[in-house]
Amino acid sequence: MTEQRRVLRFNLAERAAHWVLAVSFLLLFLTGAALVFRSLVHLLGPSGLRITSRLHHVVAYAFTFGPVAVLLLTTPKTTREWLRTIFTWTKEDLAFLASFPKEFFGLKVELPSQGKFNAGEKVNSLLTLFGSVLMVATGWVMLFRDSFPKAVLAWAYPLHDAGALLMGSVILGHVYLALLHPGSRESINGMLRGTVSEKFARDHHAKWYEEISKSA
Ligand code: HEM
Ligand code: HEM
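We now turn to the structure provided with this report. Because the structure is predicted, anything quoted here is derived from the model rather than measured.

As for the site of ligand 1
Not every one of the 20 residues close to ligand 1 is listed here, only the nearest: Ser 53, His 56, His 57, His 160 and Asp 161. Take Ser 53: an N or O atom from its side chain is 2.7 Å from an oxygen atom of ligand 1. His 57 is positioned with one of its side-chain polar atoms (N or O) 3.0 Å from an oxygen atom of ligand 1. Here the residues of the shell around ligand 1 sort into 12 nonpolar, seven polar and one charged.

Focus on the coordination of the iron atom of ligand 1
Protein-derived ligands of the iron atom of ligand 1 are His 56 (NE2) and His 160 (NE2), with the metal-ligand distances lying across 2.1 Å. One can describe the donor arrangement at the iron atom of ligand 1 as octahedral, given that its six donor atoms subtend angles of 84 to 180° at the metal. Of this pair, His 56 sits in helix α2 (residues 41-74) while His 160 sits in helix α6 (residues 150-179), and the two are 104 residues apart along the sequence. Exposure remark for His 56: the relative accessible area of 15% places this residue in the buried category. The buried category is assigned to His 160, whose relative accessible area is 13%.

Details of the site of ligand 2
Near ligand 2, the surroundings consist of 21 residues, among which Arg 9, His 18, Asn 124, Ser 125 and His 174 are the closest. Arg 9 places a side-chain nitrogen or oxygen 2.8 Å from an oxygen atom of ligand 2. Residue His 18 places a side-chain N or O atom 2.8 Å away from a nitrogen atom belonging to ligand 2. When residues of the shell around ligand 2 are traced back to their parent elements, those giving at least two are α1 (12-36), α5 (119-143), α6 and α7 (187-192). Across the shell around ligand 2, the residue classes tally to 13 nonpolar, six polar and two charged.

The rules behind these values
Each chain has its residues counted from 1, running along the sequence as written. Chains and ligands are labelled sequentially in the order written, the chains with letters from A and the ligands with numbers from 1. The model is predicted, so local features are restricted to residues of pLDDT at least 70 and side-chain atom pairs to those at 80 or more, both for listing and for counting; the totals for chains, interfaces and linings are taken over all residues. By convention in this description, side-chain values take in all heavy atoms of the structure and omit both hydrogens and water. Proximity is defined per residue: if any heavy atom of the residue lies within 4 Å of a molecule or strand, that residue is considered near it. In the analysis that follows, any N or O atom pair within 3.5 Å is treated as a polar contact, provided that within protein one partner can donate a hydrogen and the other can accept it, and provided that, for residues neighboring in sequence, both atoms belong to side chains. Each residue receives one of three labels: charged for Asp, Glu, Lys and Arg, nonpolar for Ala, Val, Leu, Ile, Met, Phe, Trp, Tyr, Cys and Pro, and polar for the others, Gly being one of them. Only nitrogen, oxygen and sulfur atoms qualify as donors, and only when within 2.8 Å of the metal (3.2 Å in the case of Na, K and Ca); with water excluded, sites may look incomplete. Only four donors with every angle between 85 and 135 degrees are called tetrahedral; only four or six donors with opposite donors over 155 degrees apart and all others between 65 and 115 are called square planar or octahedral, in that order; all others are irregular. Each helix is a run of DSSP H or I of at least 4 residues and each strand a run of E of at least 2, with the numbering of both proceeding from the N terminus. For the exposure calls, accessible area comes from a 1.4 Å probe over protein chains only, and a residue counts as buried if that area is under 20% of its type's maximum, exposed if over 50%, partly exposed in between.

Given below as structure tokens:
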């Protein structure tokens, strides 16, 4: 059997930045959840709770500085293109979002052709960007609590919790689409090996596929 042709979707730096963000987010989510339910202290024990809190603070450095450093230092051009794309919205994007719930739940639907990131991925990118800024800002305020006015600290806690809930729900849908959804799970190869099948690129990102085919 002949191997399907494959096209490059994410370079090594993009993949490294994604996985530093993803692993650190998941660790922060788990350790953060343990801190919310601190009344269950008897499960972790007082030293378990201290270690969980310390782990949360250490991983926060990777989350805050890791992806930004990798993206800006090693692949500034694709980072600029990603930022430009996610802030550029077209009529096709809105039509895509209107039809996407049907696709998500497995119904047959004709979706408008999309660029490198479809409208759902643009929403995911924007929520990740703004959600991460919120988590980082409120998190560092909470960590250096003595350096901030009481009113700022009083806002930081509920905003940090709300951000964790919002990002956690978005990530649930994101992971489902990447690993389980029959229409889109080929995308995980792009984030692991860097490439996706030519057929997937053509069917899911027709405008992007056209661009890369022209410049090849
Ligand atoms: C983006 C992923 C993150 C998630 C999902 C998350 C989640 C949480 C949650 C649920 C809590 C418990 C709050 C409460 O008790 O009401 C918490 C506490 C805390 N978080 Fe985060 N957090 C994240 C990132 C960060 C970052 C980047 C920092 C920066 C230092 C940070 C610093 C803290 C601090 C200082 C606390 C207070 C509890 C403690 O000191 O142990 N978090 N986080
Ligand atoms: C086990 C967990 C995760 C898996 C399996 C996963 C998988 C993927 C895959 C396959 C893509 C590429 C989709 C495409 O072709 O465009 C992607 C992109 C992306 N991921 Fe994740 N991811 C995970 C966790 C996370 C987390 C925790 C975050 C944010 C905190 C995140 C943020 C993003 C963003 C912003 C993109 C680019 C926009 C998009 O394509 O949706 N991912 N992820």
